[in-house]
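# Descriptive analysis of the structure
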Amino acid sequence: MEDIVVTLGMVGTLFGDFEEPLATDVNDGDNAELIAITAVCAAVNRDDRKKVEKYVQDVVHNYLPDDFKRCFRLSQETFEILLHHLATIPELARRQTKAGRPQISLERELLMTLWFLGTQETVKSICDRFDVQESTFI
């Protein structure tokens, strides 16, 4: 822990926000500088992963029936029936929003869920495949 505090103190000195590096005593009760530097470091080290754009439109819609069934564990016809039934449920209706990112389609949500249930891929890799954030999927 002491090494982390010293390293963060050096980072703070590099940014010029502090006159001297942080003290190595974390238990002094004044952790505002440590929190500020940690936030800056977290913002700088953002995880920009490569995602598959338009995976559903460009790839899934071109799957052969056997490939679709292998990936999603049901036929395309069964998927369409399930999607149609889910679309009639009022609680799953798309909300009309004026701000923020556009909502993902019910089709993409269902495909992600089926992929999750039918494979052993991690949530992170599924989110990269379907071009959504983990918070959207969970």
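Anything mentioned here points back to the structure above.
Residues numbered from 1 in each chain as written. Predicted model: local features only at pLDDT ≥ 70, side-chain atom pairs only at ≥ 80, totals over all residues. Heavy atoms only, no water.

### Re helix H6 (residues 106-118)
Stated formally: Helix and strand assignments follow DSSP, with helices taken as H or I runs no shorter than four residues and strands as E runs no shorter than two, numbered in order from the N terminus. The length a helix should cover is 1.5 Å for every residue beyond the first. For the exposure calls, accessible area comes from a 1.4 Å probe over protein chains only, and a residue counts as buried if that area is under 20% of its type's maximum, exposed if over 50%, partly exposed in between. Note on contacts: a residue pair is in contact if any heavy atoms of the two residues lie within 4.5 Å.
The end-to-end C-alpha distance of H6 is 18 Å, a good match for the 18 Å that 13 residues give at a rise of 1.5 Å each. Every buried residue belonging to H6 is among Leu106, Arg108, Leu110, Leu111, Met112, Leu114, Trp115 and Gly118, and all of these are buried. Residues of H6 that are buried sit in contact with helix H3 (55-58), helix H4 (65-72), helix H5 (76-87), helix H7 (123-130) and helix H8 (134-137).

### Points about the packing of aromatic side chains
Defined as follows: Each aromatic pair joins two rings of Phe, Tyr and Trp (for Trp, the six-membered one) with centres within 6.5 Å, and gets the label stacked for planes under 30 degrees apart, edge-to-face for over 60, and tilted for any other angle.
Under the criterion given, the structure shown has eight aromatic pairs. Between Tyr55 and Trp115, the ring centres sit 6.3 Å apart and the planes meet at 90 degrees, which makes this aromatic pair edge-to-face. Taken together, the residues Tyr55 in helix H3 and Trp115 in helix H6 connect sequence positions 60 residues apart. For Trp115, a relative accessible area of 5% corresponds to the buried category. The interplanar angle of 50 degrees and the centroid separation of 6.3 Å between the aromatic rings of Tyr63 and Phe72 together place this pair among those described as tilted. Here Tyr63 falls in the buried class, since its relative accessible area comes to 17%. A connected cluster of aromatic rings, assembled from ring pairs, spans Tyr55, Tyr63, Phe68, Phe72, Phe79, Trp115 and Phe130.

### Some points on the nonpolar core
Convention followed: To form a nonpolar core, buried Ala, Val, Leu, Ile, Met, Phe, Trp, Tyr and Cys residues must be joined to one another through side-chain atoms within 4.5 Å.
Tyr63, Phe68, Phe72, Phe79, Leu111, Trp115 and Phe130 are the most contacted members of the largest nonpolar core, which has 23 residues in total. Filtering out sequence-adjacent residues up to four positions away, Phe130 remains in contact with Val52, Tyr55, Val56, Phe72, Arg108, Leu111, Met112 and Trp115.

### Quick look at the side chain of Ser75
Where we set the bar: Here a polar contact is taken to be a pair of N or O atoms separated by no more than 3.5 Å, where protein atoms must pair a possible hydrogen donor with a possible acceptor and residues adjacent in sequence count only if both atoms sit in side chains.
Residue position: Ser75 is located in the loop between H4 and H5. For Ser75, the side chain forms a polar contact with the side chain of Thr78, separated by 2.9 Å. When near neighbours in sequence (up to four residues on either side) are disregarded, Ser75 contacts Phe68 and Lys69.

### Concerning the packing of H4 against H6
Definition in use: Interaxial angle, 0 to 180 degrees, is taken between N-to-C directions of lines fitted to C-alpha atoms, where a helix line uses only the stretch in contact. An angle counts as roughly parallel when it lies under 35 degrees, as roughly antiparallel when it exceeds 145, as roughly perpendicular when it falls between 65 and 115, and as oblique in every other case. When residues are sorted by character, Ala, Val, Leu, Ile, Met, Phe, Trp, Tyr, Cys and Pro go into the nonpolar class, Asp, Glu, Lys and Arg into the charged class, and all the rest, Gly among them, into the polar class.
At a closest axis distance of 7 Å, the pairing of H4 and H6 adopts a crossing angle of 70 degrees. By the angle between their directions, the pair H4 and H6 is classed as roughly perpendicular. Residues Phe68, Cys71 and Phe72 of H4 lie in contact with H6, whose contacting residues are Leu111, Leu114 and Trp115. Partitioning the contact of H4 with H6 into residue classes produces six nonpolar, no polar and no charged.

Any link to function would need more than the numbers given here.
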